[in-house]
Amino acid sequence: MDIKLLSFPADSPPLSVIVAAKFASIPFPADSSLASGSAPTFLFTNGSKLHGTSVLLRYIGRVTNIPNFYGENAYESSQIDEWLEYAPILSTGSAFENACSYVDKYLKRRTFLVSHSLSLADVAIWSGLAGTGPRWESLRKSKKYLNLQRWFNSLLVEYSDDLDDVLTTYVGKRGGKSSGAKLKDQQGLTQKPNSVNQDTSDKGKSGSKSTFEVDLPNAEIGEVRLRFAPEPSGYLHIGHSKAALLNQYFAQRYNGEVIIRFDDTNPAKESNEFVENLLKDIETLGIKYETVTYTSDYFLQLMEMAENLIRQGKAYIDDTPREQMQKERMEGIESKNRSNSPEENLRLWKEMILGTEKGLLCCLRGKLDMQDPNKSLRDPVYYRCNPIPHHRIGSKFKIYPTYDFACPFVDSIEGITHALRSSEYHDRNAQYYRIQEDMGLRKVHIYEFSRLNMVYTLLSKRKLLWFVQNGKVDGWDDPRFPTVQGIVRRGLKVEALIQFILEQGASKNLNLMEWDKLWTINKKIIDPVCPRHTAVIEERRVLFTLDNGPEKPFIRVLPKHKKYEGAGEKSSTFTKRIWIDQVDAQCIKVDEEITLMDWGNAIVKGIEKDGDGFVTRLSGILHLEGSVKTTKLKATWLPDINELVTLSLMEYDYLITKKKLEEGEDFLDVLNPCTKKETVAVGDSNIRNIKRGDILQLERKGYFRCDVPYVRPAKPIVLLAIPDGRQQSCSKSKNLFSN
């Protein structure tokens, strides 16, 4: 007996039931036509029914294979029942904040509501909060219920795919309201970051309502088919990400689909390496697509179409040299070959297909309008000879279609309803439509959005390739690159990238965006959850002897994050001799009381310096009864033990020194001579347990992503500095990671 249908009123979808079914991978169609006030209902294949949110949840809990989803034993199941009965209070206006306060206190030292794993209790309370919409969102932006925020956000991040789908479909649609709510809200992206105590909104700067409430022309629910069509000539960068995510947004909004199509029409630039990494990047962004196709799948059909256009007199072969052709197009001068007969054009077309000496001199051009003010309509090139083997199909063809010719054909053939293109192609829209018309194909609607530009950043794949080929970077995933792999390697969470891009919506306004804004969003995601560790800069580190310190070292277990239990615990060793940073030692005066973080106060009694004024040794006494509120310096420190690990702290800067290149300006003239700096440090012994990709905070030094984990004592752990939206560049910052 399977579930045949879930029915509910449109003004009160049972989010908890829908979420639980998502987690349990239980599919069923949904019908929102029940009368307002009706209980949600499961209709089974044998005609039986069950009614009521709690009943439906318990049914899912009993049939799912998720371990302990409805408790491991009778006691835990009863605890879950208590929470299922409590959850409806969240929809009671007057009791909402009291309920939040109660759950917040309950979660103070808990990761989940019942036992140590996700259960129906978590689903019911989480859905109850999410279902209140703006009311809960306003509380999330405050610092009122930190434990509740931490728990809510951790579930949202951990189960983002399923929860995003539910939020996209049901939150904001109460009472028949338009599904075209704010783009970021539909995606669940305002909720997605793990921001426990900070507001991730930009207070209207770029996320205004008008930005997101956009419609595709002539779009019908369930009929929209879109394509994301990258050329496999490089890795996906932040500019491409905007196009990819907007395609996904519109597909979800209109209950349509996205396909991935590789525009592989230029074998000189393309490779299988790029195809594989583009797919990897698309997966990283969480783009859900129906299938993967290639323009090369249609090469034979494209050739047939080209030949038909030749026969109809709508295209001709031209052997005019490229520079002369460009000049003639600019001046509106018709080619000497424009009036050749179809027979002559077909003869030369065969020369092109064979790649003969004559064929290599020719190209196929559309016969459009050489006097049109829009120069893209002045007989554009459709085909060129290119004897270079294709990365996918080898040497089968010696001619390849241009993007301008292939794109309108394949879009129409593949059933694309709307082609999303950046506004830089605006002048070529008329050409796109004219080519489809000449081909006799179904018209595809073009929807424009603005290209994403970033300060101090090159997004041209040709220019990025120059850095790779000339050894200026370590590869396409270099942390200085604007590629998805590069910025993720540097420590950007994908949730931050998605929120940053979708906050701009489908605006057609040209924009030059600051990286600081993106990194600030990222900080709000990582800060509430990333573990804290300690490091001391190796150069001129200072030994501080505590005369009344412990004669025998002892160990305490401390939380890695004081406000987030899920970060785990670490072991800290307390010794009589400790290391501190030179920059801290320089600030201390004799008889000054300072605070040693996670230990207590100490009074400095002696300071030794060398001839250059650098501190070489400190001595003093512990004063643990002293108040940490009265000290100016809160110093990080490490014990003088052999278990400390060596760290290589890497900081990166922009590859160019100018915010925006002007038209015709050569990027080689503005290369940044200082783009990478390494600082050697020692870190606490717990850091040897972090894995590649882990993000941590070094107290008073910033956020880092582990690029090379601990292997052996002689090889340092490599940590990449993550910008926080306000750090100086390495070309301007003299003392990296100074306190």
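What you are looking at is a predicted structure, and each value in this text was computed from that prediction instead of being measured.

K.L.:
Can you break down the overall build of the chain residue by residue, with the values?
P.N.:
Scanning the chain for helices and strands turns up 22 helices and 31 strands. Here the C-alpha coordinates of the chain stretch approximately 100 × 80 × 40 Å along the principal axes. Counting across all 739 residues of the chain, residues that qualify as buried make up 55%. A distance of 3 Å separates the average location of the 102 positive side-chain charges in the chain from that of its 97 negative side-chain charges.

K.L.:
Explain the domain arrangement of the chain residue by residue, including any values.
P.N.:
It is common to give the size of an interface as the accessible area that goes away when the parts come together. Taken domain by domain, the chain comprises domain 1 (3-170), domain 2 (225-295 + 452-524), domain 3 (542-580 + 582-635) and domain 4 (645-732). Placing a centre on the C-alpha atoms of domain 1 and another on those of domain 3 gives a separation of 47 Å.

K.L.:
Quick one: what's the story with the packing of helix α20 (residues 494-503) against helix α21 (residues 515-526), residue by residue and with numbers?
P.N.:
At a closest axis distance of 9 Å, the pairing of α20 and α21 adopts a crossing angle of 135°. Classified by the angle between their axes, α20 and α21 sit oblique to one another. Between α20 and α21 the crossing geometry is right-handed. Seen from α20, the contacting residues are Glu495, Ala496, Leu497, Gln499, Phe500 and Glu503; seen from α21, they are Lys517, Leu518, Ile521, Asn522 and Ile525. Of the residues contributing to the contact of α20 with α21, the split by class is 6 nonpolar, 2 polar and 3 charged.

K.L.:
Can you break down the side chain of serine 296 residue by residue, with the values?
P.N.:
Mapped onto the fold, serine 296 is located in the loop between β7 (292-294) and α13 (299-311). Within the structure, the side chain of serine 296 is placed 2.6 Å from the side chain of aspartate 264, a separation counted as a polar contact.

K.L.:
Break down the sheet that holds strand β29 (residues 695-698) for me, with residues and values.
P.N.:
Strand order in this open sheet of 7 strands is β16-β29-β30-β31-β27-β28-β17, and the pairing throughout is mixed. Of all strands in the sheet, those bounded by a partner on one side alone are β16 (532-533) and β17 (535-537). Note that β29 and strand β30 (residues 702-708) share 4 bridges and pair antiparallel. Across the sheet, the residue bridging to leucine 696 is phenylalanine 704, located in β30. With respect to the sheet, α21 is in contact with β29, β30 and β31 (717-722), its orientation differing from that of β31 by roughly 120°.

K.L.:
Please provide a residue-by-residue account of the pairing of strand β18 (residues 542-546), values included.
P.N.:
With 5 of its 5 residues buried, β18 lies for the most part within the structure. Here β18 shows a buried face lined by Val542, Phe544 and Leu546 and a second buried face lined by Leu543 and Thr545. Of the strand pairs in this sheet, β18 and strand β21 (residues 577-580) are connected by 4 bridges, and their pairing is antiparallel. Looking across to β21, one finds that valine 542 is bridged to isoleucine 580. Of the pairings in the sheet, the one linking β18 to strand β24 (residues 615-622) comprises 4 bridges and is parallel in character. Paired with leucine 546 across the bridge in β24 is glycine 620.

K.L.:
Outline the nonpolar core, listing residues and values.
P.N.:
Counting residues in hydrophobic clusters, the biggest one holds 55 residues, and the most contacted among them are Phe42, Leu113, Ile125, Trp126, Leu129, Leu148 and Trp151. For this core, the element with the highest residue contribution is helix α5 (residues 120-130), accounting for 8 residues. Within the second largest apolar cluster, 51 residues are counted, among which are Val224, Leu278, Ile282 and Met454.

K.L.:
Requested: an account of the pattern of salt bridges, with residues and values cited.
P.N.:
Within the structure shown, the criterion is met by 34 salt bridges. When the shortest N-O distance is used, the salt bridge between aspartate 319 and lysine 336 registers 3.3 Å. Here aspartate 319, found in the loop between β8 (315-318) and α14 (322-331), pairs with lysine 336, found in the loop between α14 and α15 (342-354); they are 17 residues apart in sequence, far enough to count as distant. Arginine 692 is the salt-bridge partner of aspartate 707, the closest N and O atoms lying 3.4 Å from each other. One end of the pair, aspartate 707, is in strand β30; the other, arginine 692, is in the loop between β28 (676-683) and β29, with 15 residues separating them in the sequence. The structure contains a network of salt bridges with shared partners spanning Asp477, Arg489, Arg692, Arg705 and Asp707.

K.L.:
So what about the sheet that holds strand β10 (residues 381-385)? Which residues, and what values?
P.N.:
In space, the 4 strands of this open sheet follow the order β8-β9-β10-β11, with antiparallel pairing throughout. Every interior strand has two partners, whereas the edge strands, β8 and β11 (399-401), have only one. With direction set aside, neighbouring strand axes in the sheet form an average angle of 20°. Pairing of strand β9 (residues 363-366) with β10, which is carried by 3 bridges, proceeds in the antiparallel orientation. Across the sheet, residue arginine 365 finds its bridge partner in β10, namely valine 381. Along the sheet face, α13 touches β8, β9, β10 and β11 and points at about 115° away from the line of β10.

K.L.:
Lay out the pairing of β28 with the relevant residues and their values.
P.N.:
Here β17 pairs with β28 via 3 bridges, running antiparallel. Each bridged residue has a counterpart across the sheet, and for alanine 535 the counterpart in β28 is glycine 683. The pairing of strand β27 (residues 645-652) with β28 spans 8 bridges and is antiparallel. For tyrosine 652, the partnering residue across the bridge sits in β28 and is lysine 676.

K.L.:
Mind laying out the environment of leucine 50, listing which residues take part and the relevant values?
P.N.:
Note on placement: leucine 50 falls in strand β4 (residues 49-51). Measuring from C-alpha to C-alpha, the distance between leucine 50 and leucine 90 comes to 23 Å, with 40 residues separating the pair along the chain. Ignoring anything within four residues of it in the chain, the contact list for leucine 50 reads Pro40, Thr41, Phe42, Phe44, Val55, Leu56 and Tyr59.

K.L.:
Quick one: what's the story with the environment of lysine 472, residue by residue and with numbers?
P.N.:
Residue position: lysine 472 is located in the loop between α18 (461-469) and α19 (484-490). A sequence separation of 448 residues divides lysine 472 from alanine 24, and the C-alpha atoms of the two residues are 48 Å apart.

K.L.:
Can you lay out α5 for me, pointing to particular residues and giving the numbers?
P.N.:
In terms of burial, α5 is a largely internal element, 11 of the 11 residues being buried. Listed as buried for α5 are Leu120, Ala121, Asp122, Val123, Ala124, Ile125, Trp126, Ser127, Gly128, Leu129 and Ala130.

K.L.:
Run through the UniProt feature "domain: tRNA synthetases class I (E and Q) anti-codon binding" (unreviewed entry) in the chain, naming residues and quoting values.
P.N.:
As annotated by UniProt and renumbered to match this structure, "domain: tRNA synthetases class I (E and Q) anti-codon binding" (unreviewed entry) occupies residues 636-707. In the segment residues 636-707, helix accounts for 0% and strand for 39%; the C-alpha atoms at its two ends are 23 Å apart.

K.L.:
Give a detailed account of the packing of α13 against helix α16 (residues 403-413), specifying residues and quantitative values.
P.N.:
Orientation of α13 relative to α16, taken along the N-to-C sense of each, is 110°, at an axis distance of 11 Å. Classified by the interaxial angle, the pair formed by α13 and α16 is roughly perpendicular. Here α13 and α16 pass one another in a crossing that is right-handed. Only Phe405, Ala406, Phe409 and Ile413 of α16 make contact with α13, whose side of the interface consists of Gln301, Leu302, Met305, Ala306 and Leu309. Here the residues of the contact of α13 with α16 sort into 8 nonpolar, 1 polar and no charged.

K.L.:
Break down unusual backbone geometry for me, citing the residues and quoting the values.
P.N.:
At serine 25, a residue that is not glycine, the phi angle is positive and equals roughly 55°. Mapped onto the secondary structure, serine 25 falls in the loop between α1 (15-23) and β2 (30-34). For serine 25, a relative accessible area of 61% translates into the label exposed. You will see that aspartate 598, though not glycine, has its phi angle at about 65°, which is positive. Along the chain, aspartate 598 falls in the loop between β22 (593-596) and β23 (600-609).

What counts, and where the lines are drawn
Residues numbered from 1 in each chain as written. Predicted model: local features only at pLDDT ≥ 70, side-chain atom pairs only at ≥ 80, totals over all residues. Heavy atoms only, no water. Helix = DSSP H or I, 4+ residues; strand = E, 2+ residues; numbered from the N terminus. Buried < 20%, exposed > 50% of the residue type's maximum accessible area, 1.4 Å probe, protein only. Lys, Arg positive; Asp, Glu negative; His and termini not counted. Charge placed at Lys NZ, Arg CZ, Asp CG, Glu CD. Domains from an automatic or database assignment. Axes fitted to C-alpha atoms, helices over the stretch in contact; angles between N-to-C directions. Parallel < 35°, antiparallel > 145°, perpendicular 65-115°, else oblique. Left-handed = near helix turned anticlockwise from the far one by under 90°. Contact = heavy atoms within 4.5 Å. Nonpolar A, V, L, I, M, F, W, Y, C, P; charged D, E, K, R; others polar. Polar contact = N/O pair within 3.5 Å; in protein donor to acceptor, adjacent residues only side chain to side chain. Pairing = 2+ DSSP bridges. Core = buried A, V, L, I, M, F, W, Y, C linked by side-chain atoms within 4.5 Å. Salt bridge = Lys/Arg side-chain N within 4 Å of Asp/Glu carboxyl O. UniProt positions renumbered as here; feature names shortened; annotations may be inferred.

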